[in-house]
Amino acid sequence: MLITSRSGEEYKVQVGNRDFFIDLLFYHRGLQCLIAFELKTDRFEPEYPGKLNFYLEALDRDVKKQNENPSIGILLCKDKDAAVVEYALSRTLSPTLIAEYKTQLPDKKLLQQKLTEMFENSTGPE
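Worth saying up front: this structure is predicted, and the values here are computed from it rather than measured. (Residues numbered from 1 in each chain as written. Predicted model: local features only at pLDDT ≥ 70, side-chain atom pairs only at ≥ 80, totals over all residues. Heavy atoms only, no water.)

A description of the pattern of salt bridges should follow, citing residues and the corresponding values.
Under the criterion given, the structure shown has four salt bridges. With a shortest N-O distance of 4.0 Å, Lys 12 and Asp 19 are connected by a salt bridge. (Salt bridge = Lys/Arg side-chain N within 4 Å of Asp/Glu carboxyl O.)

Quick rundown of the confidence of the model for the chain? Include the residues and the values.
In the predicted model, the chain carries a mean pLDDT of 82, and 81% of its residues have values of at least 70. Across the chain, element-level confidence peaks in helix α1 (residues 48-62) with a mean pLDDT of 94 and bottoms out in strand β6 (residues 98-100) with 59. Under a pLDDT of 50 for its full length, residues 1-7 has, in the predicted model, 16 contacts with residues more than four places off or in other chains. (pLDDT = per-residue confidence, 0-100. Helix = DSSP H or I, 4+ residues; strand = E, 2+ residues; numbered from the N terminus. Contact = heavy atoms within 4.5 Å.)

Any details on the pairing of strand β3 (residues 24-28)? Residues and values, ideally.
On β3, burial follows the alternation: Leu 25 and Tyr 27 on one face are buried, whereas Leu 24, Phe 26 and His 28 on the facing-out side are not. Examined bridge by bridge, β3 and strand β4 (residues 33-43) share five bridges and lie antiparallel to one another. Residue Leu 25 lies in a different strand from β4, and its bridge partner there is Ala 36. Taken together, β3 and the strand that follows it, β4, pair antiparallel across an intervening segment of four residues, in which Gln 32 is found at a positive phi of about 50°. (Buried < 20%, exposed > 50% of the residue type's maximum accessible area, 1.4 Å probe, protein only. Pairing = 2+ DSSP bridges.)

Have a look at this one:
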């Protein structure tokens, strides 16, 4: 489930008298928790995890229901320098992973093959 304040917009959280905006917010039914995505169109910067942790704290204090698990944050950056990531996360107590994303799709034939496999595996005898 994608949670947005208005269709297709960032999710607004208010802390104090200020508004902050989470790029994407989902709810994972199996994990029973909110999942916040921060999308960065540039390389990883050391301040990004701090901002994401701030959002997770706001979600857990003000949005999360009592029966739900703590929120999870996912930070996607266009690029990363492994040394900068290591230094930025060295004192972090929470499990953290930084991922790069590609701006180019895989080969069309590979995508078609994977989609065909997915549909074949999902349509079994009922």
